[in-house]
Amino acid sequence: MPRYVKFHKKEPLPIEVNDKKIWICMCGLSDKFPYCSGRHKYAKDEEENQVYMYDENYNRKKVKDIIFEKE
Ligand code: FES
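Note that this is a predicted model, so its numbers are computed, not measured.

Q: Quick question: what am I supposed to make of the side chain of S30 here?
A: Following the sequence through the fold, S30 ends up in the loop between β2 (20–24) and β3 (51–54). In this structure the side chain of S30 is engaged in a polar contact, spanning 3.3 Å, whose partner is the side chain of S37. When residues no more than four places from it in sequence are discounted, the contact partners of S30 are C25, Y35, C36, S37 and R39.

Q: Honestly, unusual backbone geometry in this entry has me stumped. Any pointers?
A: The phi torsion of most residues other than glycine is negative, and most of the peptide bonds are trans. Residue P34 is bonded to the preceding F33 through a cis peptide linkage, with omega at 15°. Secondary-structure assignment places P34 in the loop between β2 and β3. Backbone geometry places N18, a non-glycine residue, at a positive phi of 50°.

Q: Looking at this structure, how should I read the pairing of β3?
A: Remember that side chains alternate between the two faces of the sheet whenever the strand is regular. In this sheet, strand β4 (residues 60–63) lies alongside β3 in antiparallel orientation, the contact comprising four bridges. When the sheet's bridge partners are listed, V51 is paired in β4 with V63. The turn linking β3 back onto β4 is made up of five residues, and Y58 within it adopts a positive phi angle of 65°.

Q: Would you take a moment to explain the nonpolar core for this structure?
A: Where a protein is soluble and globular, its nonpolar side chains tend to be buried together. Ranked by size, the top nonpolar core spans five residues in total: C25, C27, L29, A43 and Y58. Each residue touching C27, except ones within four places of it in the same chain, is listed here: F7, K9 and H40.

The rules behind each value
Residues numbered from 1 in each chain as written. Predicted model: local features only at pLDDT ≥ 70, side-chain atom pairs only at ≥ 80, totals over all residues. Heavy atoms only, no water. Helix = DSSP H or I, 4+ residues; strand = E, 2+ residues; numbered from the N terminus. Polar contact = N/O pair within 3.5 Å; in protein donor to acceptor, adjacent residues only side chain to side chain. Contact = heavy atoms within 4.5 Å. Pairing = 2+ DSSP bridges. Core = buried A, V, L, I, M, F, W, Y, C linked by side-chain atoms within 4.5 Å. Buried < 20%, exposed > 50% of the residue type's maximum accessible area, 1.4 Å probe, protein only.

Dropping the structure here:
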């Protein structure tokens, strides 16, 4: 089931666990979520305030409008 999840960061968050540094995915594109897999490279040139949609092959489209219905 597709769902809308908003991510706006373009780089991972480095954290330290037991003296080991790990990178948490903040872009939402990782194939090893919640860990960064380097796929944030696809988001690097995103324009500010523009919403994008990515398919399973990391092809990107700009989203013009999102309309939410009340439940
Ligand atoms: S921050 Fe998402 S893949 Fe790196």
